[in-house]
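Geometric and topological summary
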Amino acid sequence: MNRTKDLQKAEAIMRKNDRGRYTVPTHGLYPFQWNWDSCLSSLGFSHFDIDRAFVELETLFASQWNDGMVPHIIFHEPDDGYFPNTDVWQTDQPVPTSGITQPPVAGFALCELYKRCTNKALFADRARALLVSVHKWHQWFANYRADASGLVAIVHPWESGRDNSVDWDRAFERVPTEGVKPFVRRDTSHANPDHRPTDEQYKRYIWLVEKFRSLGWDNREIAIQSPFQIVDPGFNAILIRSCFAAAELAGELGESEIQSASMTMASAMLSSMELLWSEEFGQYLCFDRVSNEPVNSPSIGGLLAVFAPVPQARIHRVAQTIETIGQTTRYLVASHPSTEAEFDELRYWRGPVWLIVNYMIAQGLRAGGEDKVIHRIVTDSIDLIETSGFAEYYGPITGTPCGGDTFTWTAAMVIEFFNQFDSDLSQAC
Ligand code: DGY
C-alpha cells in the first residue's frame, strides 16, 4: 500500500475534474455537476482545500429549486456528450437542471466540513447559509415524499443513485415504454455498454422523465402519479444521518429551530427504519409503495442502511451479512450478492463495488465497533484503486475497472479512507 502516491494521484484527479466552482464526476461520461457526487467529493477537497470544499456545496445549492428540491444534475455548460440533456428535461430553471433529486448526503458532508475547519469563525457564516438550504431540502422531503412513517420514497431509479439495481426490477415492470420518443444514448459511447444499464431500462428511465415533464415538474403531482415509488433504506439512512448532522451543526451555530426540527425528523424516521428490517435477509429491504409490499431483493441499499444510527444488533447482523458476501467475492462490498441469480459482475449496480458505498457502510459499522469488517472494506477499497486505477466502480470478483475512469468521487473516497480510516488500514486482523 503506497499512501503518499495514492493520495497524490487522488488529489491530481480531483484537480483535473475541477471546473472552478464545481467538479464533473469524470470527463466525457458525466460532463456536468451531479448532486451526491459533489457532496461526497467535497469531503475529499476538505483535506487539501477547505475553501474549495465549501464552494462545491455552495454551487450545488445555488441551483436549489424554490420548493426546496435540490436537483440531481446542474447543466452549468452546454455539452452534447450526455443524454438526457437539457432539451429533454426542460425544467425552466435559471441554470438548467434535471427535475429529480438524489441521495441527500449534503447535510452529512457540510457538518464534516465545518468540523474540519481549523478557523471556524472564518467559515461560520457560510456554514450557516448552507445549513439553512440543507434544512429546506430536508423539509422538502418531509413535505413531498414522506408518508405517516416519515420515511421517504424515490420516484425514479436515478434518484437512488443505484440506477439499475435488482431492487427496482419488479416495480419497473409497471413503467411503460410506449410513446417514448426515439433517442440515442450517449453513455454507451463513453463506457462499455456491458457495464451500463440496458436499453430496455433506459426507455423506462426516459418514460418517467417525459411523464414528470408532462406534469410541469409539479412535485406534488409527480409524487402522486409516478408508477415507481420505492422506499429505499439506503436513501432514507442518508437522509436520517444528514438530519442528525444538521441538528448537530445547528446546535453549534445556535440555530435552535433547525436543531429541534432536524432532531424530530431524524428520530421519527430512525424508529420507522425498523419497518424495513428483514431478519430472514439479515438486512433492511426496500418497500414498494405502489404495490404496498416489501421488495425481497438483497441489494446493497439494505446494507447501506447502517449509515443511519440504527440499533447495535442491526449493525452487527449487517456486518455478518457483509462477511457472508465477502466469502464469494474477492472485494467487498458487492452491490448485489454473487450467489444471487441476477448478479452481473460488471453491470453498474447489479454486482460491482462502489467506493462511495463502501465508505458510507464503513462509517456506519464504526458505530457498532465492527472493526474486522471495516478493515476488510477499507483495505479492499485501496487494493482496488492500486490494482485497477480510480474507476467509477469495479467487479467484485476480478477487480475489473468499470464505467468511467479517473473518477472524482473514487479519488475523494481514497483521501477520506487514508485520513478517516488510517488506523483501520494499518490494523492487522
Ligand atoms: C446516468 O446518466 O448514468 C446517471 O446515473 C443519471 O443521473
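Preceding this section is the structure that the text describes.
Residues numbered from 1 in each chain as written. Predicted model: local features only at pLDDT ≥ 70, side-chain atom pairs only at ≥ 80, totals over all residues. Heavy atoms only, no water.

Moving on to the layout of surface pockets. To find the voids left in a structure, one rolls a probe of water-molecule size over its atoms. Within this model, the largest pocket holds a volume of roughly 280 Å³. The set of elements that each furnish at least two residues to the lining of the largest pocket consists of helix H8 (169-172) and strand S7 (293-295). Along the lines of polarity and charge, the residues of the lining of the largest pocket split into five nonpolar, four polar and eight charged. (1 Å grid on protein atoms, 1.4 Å probe; cavity = no way out; pocket = protein on both sides within 12 Å on 5 of 7 lines; lining within 4 Å. Points joined across faces, edges and corners; volume = space filled by probe spheres on them. Helix = DSSP H or I, 4+ residues; strand = E, 2+ residues; numbered from the N terminus. Nonpolar A, V, L, I, M, F, W, Y, C, P; charged D, E, K, R; others polar.)

Strands sit in the order S3-S6-S7 across an open sheet of three strands; the sheet is antiparallel. The strands lining the two open edges of the sheet, one partner per strand, are strand S3 (230-231) and S7. Where S3 meets strand S6 (residues 286-288), two bridges bridge the pair, whose relative direction is antiparallel. The residue bridging valine 231 from the neighbouring strand is phenylalanine 287, located in S6. (Pairing = 2+ DSSP bridges.)

Here the structure, examined in full by the defined rule, presents 32 salt bridges. One salt bridge connects arginine 185 with aspartate 187, and the closest N-O pair in it is separated by 2.6 Å. For arginine 185, a relative accessible area of 10% corresponds to the buried category. Arginine 317 serves as the salt-bridge partner of glutamate 279, at 3.2 Å between the closest nitrogen and oxygen. Note that glutamate 279 is positioned in the loop between strand S4 (277-278) and strand S5 (283-284) and arginine 317 in helix H15 (residues 312-327), a separation of 38 residues in sequence. Residue classification places glutamate 279 among the partly exposed positions, given a relative accessible area of 46%. (Salt bridge = Lys/Arg side-chain N within 4 Å of Asp/Glu carboxyl O. Buried < 20%, exposed > 50% of the residue type's maximum accessible area, 1.4 Å probe, protein only.)

Let us now look at the site of the ligand. For the ligand, the full set of nearby residues is Tyr30, Trp34, His72, Tyr82, Trp158, Asp163, Arg196, Tyr202 and Tyr348. Separating an oxygen atom of the ligand from a side-chain N or O atom of tryptophan 34 is a distance of 3.0 Å. Measuring from an oxygen atom of the ligand, one finds a side-chain N or O atom of aspartate 163 at 2.5 Å. Taken by itself the ligand offers 230 Å² of open surface, and the protein chains cover 96% of this. Counting atoms within 2 Å of the grid points, the majority share of the ligand lands in the largest cavity. (Near = heavy atom within 4 Å. Polar contact = N/O pair within 3.5 Å; in protein donor to acceptor, adjacent residues only side chain to side chain. Areas by Shrake-Rupley, 256 points an atom, 1.4 Å probe, with all protein chains shown as cover. Sits in = over half its atoms within 2 Å of the grid points.)

All chains considered together, the criterion is met by two cavities of 30 Å³ or more. There is about 210 Å³ of room inside the largest cavity. In this structure, the largest cavity is lined by 19 residues; those nearest its centre are Tyr30, Trp34, Gln102, Asp163 and Tyr348. Within this model, the second largest cavity holds a volume of roughly 40 Å³. Forming the boundary of the second largest cavity are Trp36, Pro103, Ser160, Arg162, Asp232, Gly234, Phe235, Ile238, Gly301 and Leu304. Sorting the residues of the lining of the second largest cavity by element identifies helix H12 (233-253) and helix H14 (301-304) as the ones contributing at least two each. Residue contributions to the lining of the second largest cavity peak at three residues, all from H12.

For the coordinates displayed, the defined rule picks out 35 aromatic pairs. Residues tyrosine 30 and phenylalanine 407 carry aromatic rings whose centres are separated by 5.9 Å and whose planes lie at 90° to one another, so their mutual orientation is edge-to-face. With tyrosine 30 in the loop between helix H1 (3-16) and strand S1 (33-34) and phenylalanine 407 in the loop between strand S9 (401-402) and helix H18 (408-420), the pair connects residues that are 377 residues apart, well separated along the chain. Centroid distance tryptophan 34 to tyrosine 82: 5.2 Å. Interplanar angle 80°. Geometry classified as edge-to-face. (Phe/Tyr/Trp six-rings, centres within 6.5 Å; stacked < 30°, edge-to-face > 60°.)

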